[in-house]
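Examining the three-dimensional arrangement
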Amino acid sequence: MVSHCQRGSVQSSRPDVKKRVAFIGQPNTGKSTFFNRITKANAAIANWPGLTVDLFRAVVPLQGEPIEFVDLPGIYDLNGFSEDERVVQRFLANYAVNLVVVVVNAAQIDRQIRLLLQVQTLGIPAIALLNLADEAKRYGVQIDVAALQERLGLPLYPISAKYGTGCPRAMDAIGRAVAQQPEAYQIPDLVNVLSDHPMAIADMETALAGVVQMPSPNARTLTNVIDGVMLHPVFGLPIFFASMFGVFWVIWHVGLPSADPVDAVTGWVQSNILEPLFSSLPTILQGLLLDGIWTGFAALLSFVPLVAIFFIVMGILEGSGYLSRAAYLMDALMGRLGLDGRSFVLQMMGFGCNVPAIMGTRVMRSRGMRLLSMLVIPFSLCSARLQVFVFILAAVMPGTQGAIALFLLYLMSFVAAFTVAAILSLFHYFQARDPFVLELPPYRLPTFKQVFLRVWGEMREFVARLSMFMVIGSSLIWFLTNFPQGSTGLETFAGRIGSVFQPLMNPLGINPFLTISLIFGFVAKEVQIAALTVIYGLNNSEAVSDQIHSTVTFAQGFSYCLFSLIYIPCLTTLGAIWGESKSLAYTAIAVATPLATAWLFGFIFYQSLSWLGW
């Protein structure tokens, strides 16, 4: 049955289809924080046919029935033209929802009421959550919730997604609203409906008049005082880079030692459980299971604590509101390179994984800037490369100097990105600039639960995504380094492949064994460590570290890390670039550009140190 309800189309839900709730809100409203609280961080990425982006979804039992929750991208306008706004439009047009939950930052309700009024215009059943209600009260925002609720004609619930205040009541209200809603809604003509009923500033002011009182814009707050230092035109950038050096210092001195207990456990499992278990199998099969599959998986596990610490520190910086300030600080410099502060934010996202950062370029309306951003984001020192660099630098430069070298690689990732952006922005293909809009949230102290849920979700995706690559990659490495049977070292298939490329790598100080690991690193950067373990024919990463320490100089090791930082993105990232650009020619550029840049940077570095006698 299809009928009409106000301005939205209605479609009856079939018994075999779960009822669905969609979450909508502007960026930085705490929408995803509340979503994680409801789903207990058990949401998974789901593919929705017809959409250009995967969305987080989870099925949660409420009021005795399973309800599907979908977290839509943060948007400013339902009638906008950015890719994220189009994703929300297509979702509401193609997928029926029983309820829309609009999350509004109560401290910025004067600007965010627009999105709520647009949802109301569509005629979809909705509930509004006034998040950060405690923060709004602290900043002097006064909201007569009962009066505003009556005026808008829909339920409003003040909450704090961060601390959980008001969340149980809001969750009960969502469950009751869905249980009482037998029909699901689709808006196939969403854009036309909103165009026929444009939202003016006067409509927003009328909705809030007499029921919401905002503080004076000149009021002095703690955030203003801190920003006077953090956003200072002279001291702002040095403070930012000092804070990032602190991140890598923590990773080096806390994350690096954390791998030792994991190595001890995986080593014990291999010697006491797996080797006796597989002892009756043929030698070749034992080698595949132990030196291939298990070695790759054990290498992944050994870096889980290190990557978790990285996500914890970055989660604290992001939750505090500081990373938004970093984008603001970098906007002027990025502008000279044909980019803007959004590109810098996405590069920061790339430190976790390049793939979501590549997908995040959809917020850019300018295709030229988007294509340029997708080229420079893979230069970010992602968590996968981080494992490789910590391992190599610990071998060639033990002690605190290794943390400094790691931070230098972080700086070099920006130097490489800025250099490539400055050159390519001269070409018309990559030019164009649209206005840069960024909300600077007040400074906040992230809660333990908030950080934990964020890190848990990231680490679960990290392990799930990379386990397959590590197992397949290390198995392939085992095969190429053990065949033809009886061959060793450079006589194996892997050695022969590495020898073909060695004339190109000699001027960079990269030996054949390291060259082979770089070739395998194209599949996934994490495979490089497993590759070195198998290539050197050693049983554990500690033995490989000792081998590298005795055969590779600092100049060679750092040149290897520098090349690994910049050269071809991993297979998954390239897939994301092709998926976003829909162009094989552009994807080829995304391969050739970093390869040439990596070779040039590595050549200059190694030959300069050789000339200086280092």
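Everything numeric here is computed off the predicted structure, so don't read it as measured data.

Helices and strands together make up the secondary structure of the protein, namely 27 helices and twelve strands. Across the 614 residues that make up the protein, the buried fraction comes to 55%. Relative to all contacts within the protein whose residues are 6 or more apart in sequence, the contacts with residues 24 or more apart total 77%. Total accessible area computed for the protein in this model is approximately 26,000 Å², and 64% of it derives from carbon and sulfur atoms.

It is worth spelling out the packing of aromatic side chains at this point. Per the counting criterion, the structure on display carries 21 aromatic pairs. Pairing Phe554 with Phe558 gives two aromatic rings, centres 5.6 Å apart and planes at 40°, and the pair type is tilted. Here Phe558 and Phe554 lie together in helix H25 (residues 554-566), a separation of four residues that amounts to about one turn. Phe554 gets classed as partly exposed once you look at its relative accessible area, which sits at 27%. Above the plane of the ring of Tyr443 lies Arg325, whose end atom (NZ or CZ) is 4.2 Å from the centre.

What follows deals with the environment of Leu300. Structurally, Leu300 can be placed in helix H12 (residues 283-302). Given the relative accessible area of 0%, Leu300 is considered buried. A sequence separation of 171 residues divides Leu300 from Val471, and the C-alpha atoms of the two residues are 9.3 Å apart.

Below, the discussion takes up a nonpolar patch on the surface. Side chains of Ile497, Val500, Phe501, Leu504 and Ile519 sit close together on the surface and give an oily, nonpolar patch of about 430 Å² of accessible area. The greatest single-element share of the nonpolar patch, amounting to four residues, is contributed by helix H21 (residues 493-505). In this structure, Val500 sits in helix H21.

As a further point, take helix H23 (residues 527-535). For H23, a buried count of nine out of nine residues is recorded, marking the element as mostly surrounded by other parts of the structure. Of all the positions in H23, only Val527, Gln528, Ile529, Ala530, Ala531, Leu532, Thr533, Val534 and Ile535 are classed as buried.

What follows deals with the pattern of salt bridges. Across all of its chains, the model carries six salt bridges by this definition. With a closest N to O distance of 2.5 Å, Arg20 and Glu68 form a salt bridge. Here Glu68 lies in strand S6 (residues 65-71) and Arg20 lies in strand S3 (residues 19-25), a separation of 48 residues in the sequence. Assigned by exposure class, Arg20 and Glu68 land together as buried. The closest approach of N and O atoms between Arg325 and Asp227, which form a salt bridge, is 3.1 Å. In this pair, Arg325 is assigned in helix H14 (residues 322-336) and Asp227 in helix H9 (residues 222-230), connecting sequence segments 98 residues apart. Accessibility expressed as a relative area gives 1% for Arg325, which makes it buried.

Most of S3 sits out of view: seven of its seven residues are buried. Neither face of S3 is left uncovered, since the one carrying Lys19, Val21, Phe23 and Gly25 and the one carrying Arg20, Ala22 and Ile24 both have all their residues buried. Examined bridge by bridge, S3 and S6 share five bridges and lie parallel to one another. Bridge pairing in S6 places Val21 opposite Phe69. Relative to strand S7 (residues 99-105), S3 runs parallel, the two sharing five bridges. Residue pairing in the sheet places Val21 in a bridge with Leu99 of S7.

Let's shift gears to the nonpolar core. Soluble globular proteins tend to pack their nonpolar side chains together in the buried interior. Ranked by size, the top nonpolar core spans 99 residues in total, and within it Met348, Tyr410 and Ile548 carry the most contacts. Per-element accounting of this core gives the leading share, 13 residues, to helix H19 (residues 400-424). With sequence-adjacent residues up to four places away left out, Met348 is seen in contact with Phe240, Met244, Met314, Leu323, Tyr410 and Phe414. Formed by 46 residues, the second largest nonpolar core is a distinct cluster that contains Ile75, Val119, Ile124 and Ile187.

Of note, Asp77 is situated in the loop between S6 and helix H2 (83-94). Here Asn79 takes part through its backbone nitrogen, which lies 2.8 Å from a polar atom of the side chain of Asp77. Engagement of the side chain of Asp77 in a polar contact is seen with the side chain of Arg114, the distance being 3.3 Å.

Mapped onto the secondary structure, Ser160 falls in the loop between strand S10 (156-158) and helix H6 (167-179). Using a relative accessible area of 3% as the deciding quantity, one classes Ser160 as buried. Discounting chain neighbours no more than four positions away, the residues touching Ser160 are Asn131, Leu132, Asp134, Thr165 and Cys167.

Before going further, it helps to examine the packing of helix H11 (residues 259-278) against H12. Relative orientation of the contacting elements H11 and H12 amounts to 160°, with a least axis distance of 10 Å. In terms of axis orientation, H11 runs roughly antiparallel to H12. Crossing hand, H11 versus H12: right-handed. Contacts from Ala259, Val262, Asp263, Thr266, Val269, Gln270, Leu274, Glu275 and Phe278 of H11 reach H12 at Gln286, Leu289, Leu290, Trp294, Ala298, Leu301 and Ser302. Of the residues assigned to the contact of H11 with H12, the class counts are ten nonpolar, four polar and two charged.

Direction vectors running N to C along helix H18 (residues 383-396) and H25 enclose 175°, while the axes themselves pass 9 Å from each other. On the basis of the axis angle, H18 is roughly antiparallel to H25. Residues Arg385, Val388, Phe389, Ile392, Leu393 and Val396 of H18 touch H25, and the partners they reach there are Phe554, Gly557, Phe558, Tyr560, Cys561, Ser564 and Leu565. Residue composition of the contact of H18 with H25, by class: ten nonpolar, two polar and one charged.

Before going further, it helps to examine the confidence of the model for the protein. Per-residue confidence for the protein gives a mean pLDDT of 82; residues scoring 70 or more make up 90%. Mean pLDDT across the secondary structure elements of the protein bottoms out at strand S1 (residues 2-5), with 33, and peaks at H25, with 95. Here residues 1-7 is modelled with pLDDT under 50, and outside its nearest four sequence neighbours on either side it reaches 19 contacts, counting other chains as well. The model gives residues 12-16 a pLDDT under 50, and that stretch makes six contacts with residues more than four places away or in other chains.

The rules we used
- Residues numbered from 1 in each chain as written.
- Predicted model: local features only at pLDDT ≥ 70, side-chain atom pairs only at ≥ 80, totals over all residues.
- Heavy atoms only, no water.
- Helix = DSSP H or I, 4+ residues; strand = E, 2+ residues; numbered from the N terminus.
- Buried < 20%, exposed > 50% of the residue type's maximum accessible area, 1.4 Å probe, protein only.
- Contact = heavy atoms within 4.5 Å.
- Areas by Shrake-Rupley, 256 points an atom, 1.4 Å probe, with all protein chains shown as cover.
- Phe/Tyr/Trp six-rings, centres within 6.5 Å; stacked < 30°, edge-to-face > 60°.
- Lys NZ or Arg CZ within 6 Å of the ring centre and 35° of its normal.
- Patch = residues over 30% accessible without salt bridge, like charges linked within 9 Å, V, L, I, M, F, W, Y side chains within 5 Å.
- Salt bridge = Lys/Arg side-chain N within 4 Å of Asp/Glu carboxyl O.
- Pairing = 2+ DSSP bridges.
- Core = buried A, V, L, I, M, F, W, Y, C linked by side-chain atoms within 4.5 Å.
- Polar contact = N/O pair within 3.5 Å; in protein donor to acceptor, adjacent residues only side chain to side chain.
- Axes fitted to C-alpha atoms, helices over the stretch in contact; angles between N-to-C directions.
- Parallel < 35°, antiparallel > 145°, perpendicular 65-115°, else oblique.
- Left-handed = near helix turned anticlockwise from the far one by under 90°.
- Nonpolar A, V, L, I, M, F, W, Y, C, P; charged D, E, K, R; others polar.
- pLDDT = per-residue confidence, 0-100.

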